[in-house]
Amino acid sequence: MKDLIFVFIFLYSLNLVFKQDSILAMYIIAFILIIYLIKFHRLNLKITNLKRNFHFELNNTLNKQKDIFADILTHDLKIPTLAQLRGLELIRNETLGTINEEQKDLIENIESSCKYILNMISMLQNTYKIETGKNKFNYEKFNISKLLVNCINKMSKDINEKNISIVYFSSEPDIYVEADQESIKEVIINLLLFAISYSYNNDKILVYISKDENNVKFLLKTSGVYLSNQVCSNIFEQENIDSQNYTVIGQKISLYLCKKIIEEHAGDIYAKSSQDNSLSLIFKLPYFKKNSLNSKVSAIFYPDCKEM
């Protein structure tokens, strides 16, 4: 009703202006226009807020659905795979009866495939958690040199299969860093697996750990493959640039996971290749977690790390 009255007054005043150039009528028109401009602005704000709330609720719903889907998928894939491993273990230990050597070799191969599947599920799950901000890192000070030795020992089977030598040296006997130890362990293992996959039998893999004023540098070098500059610049990216013959199934996601972990630690990771068929995989980590109370506390309790 008010709008109809305003429209009538507006039209009447507009008619007066055209007929006798009434200043009062012009003021009335201006006043009515201002009122409607204010109403339009308020209405526009309400629509904008409604849109924002709608998109916010929609994103929350979609994220919850994705979380539920990821949890169900990983659970439904892990449980049967773990059950298969348990069954294979019983057969391999001859709990259910005697088996010959050929059957043992076959069972070991199947077990290796099942463990590979579990590792892939774990990598996908960790990548999803990092990308959605749901991953919680446990920062602690640890010796990265000792961590490397533990990783090499854990991978002794893969190393011995190709009779590969791991040559490790560092600028100092003990180099410490503040990070999530399990995550950095996963990065080192994935990089070692990548290097082993593209190394020749009886080859050498060089690992060098050094430091500068602010960062710890981890360098892994293998002579198994040459990659172009374009491939090196995209090797840790999620997108598949192509399907070249050096690509091993599952390693694309493992390298992308390495990238996400290092970036979450405010570090950097990259690859370099030379014409002599050598490939270097490198990552850098700051000594301490940046911009955190934890780093300040560490600086107090571990002042020696500043000189490492």
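All of these numbers come straight from a predicted model, not from anything done at the bench.

Within this structure, the stated rule accounts for four aromatic pairs. Taken together, a centroid distance of 4.9 Å and an interplanar angle of 35 degrees make the contact between Phe169 and Tyr208 tilted. Pair noted here: Phe169 is in strand β2 (residues 165-170) and Tyr208 is in strand β4 (residues 204-211), with a separation of 39 residues, a long-range link. The partly exposed category is assigned to Phe169, whose relative accessible area is 40%. Residue classification places Tyr208 among the partly exposed positions, given a relative accessible area of 28%. Plain terms: the ring middles of Phe194 and Tyr198 are 4.7 Å apart, the flat faces sit at 70 degrees to each other, and that makes the pair edge-to-face. With respect to burial, Phe194 and Tyr198 carry one shared label: buried.

Looking now at the sheet that holds strand β7 (residues 278-286). With respect to topology, five strands assemble into an open sheet ordered β2-β4-β5-β7-β6, the strand pairing being mixed. Every other strand in the sheet has two partners, leaving β2 and β6 (268-274) as the edge strands with one partner each. Looking at each pair of strands side by side, their axes are set apart by 15 degrees on average, direction ignored. Relative to strand β5 (residues 215-222), β4 is paired through seven bridges, and the arrangement is antiparallel. Bridged to Leu206 within β5 is Lys221. Helix α6 (residues 181-197) contacts β4, β5 and β7 of the sheet and is inclined by roughly 175 degrees relative to β7. On top of the sheet, helix α8 (residues 251-264) reaches β6 and β7; it is set at about 130 degrees to β6, its chief contact.

Before going further, it helps to examine the pattern of salt bridges. Pairs may arise between side chains of opposite charge once their charged atoms sit close together. Counted by the stated rule, this structure contains seven salt bridges. A salt bridge links Arg92 to Glu111, with the shortest nitrogen-to-oxygen separation between them at 3.0 Å. Pair noted here: Arg92 is in helix α2 (residues 23-92) and Glu111 is in helix α3 (residues 101-131), with a separation of 19 residues, a long-range link. Residue Arg92 is classed as partly exposed on the basis of its relative accessible area, which comes to 29%. The exposure class of Glu111 is buried, given its relative accessible area of 8%. With its nearest N and O atoms 3.9 Å apart, the salt bridge here joins Glu94 to Lys104. Taken together, the positions of Glu94 in the loop between α2 and α3 and Lys104 in helix α3 put the pair 10 residues apart, joining distant regions of the chain.

Cut-offs and rules
- Residues numbered from 1 in each chain as written.
- Predicted model: local features only at pLDDT ≥ 70, side-chain atom pairs only at ≥ 80, totals over all residues.
- Heavy atoms only, no water.
- Phe/Tyr/Trp six-rings, centres within 6.5 Å; stacked < 30°, edge-to-face > 60°.
- Helix = DSSP H or I, 4+ residues; strand = E, 2+ residues; numbered from the N terminus.
- Buried < 20%, exposed > 50% of the residue type's maximum accessible area, 1.4 Å probe, protein only.
- Pairing = 2+ DSSP bridges.
- Axes fitted to C-alpha atoms, helices over the stretch in contact; angles between N-to-C directions.
- Contact = heavy atoms within 4.5 Å.
- Salt bridge = Lys/Arg side-chain N within 4 Å of Asp/Glu carboxyl O.

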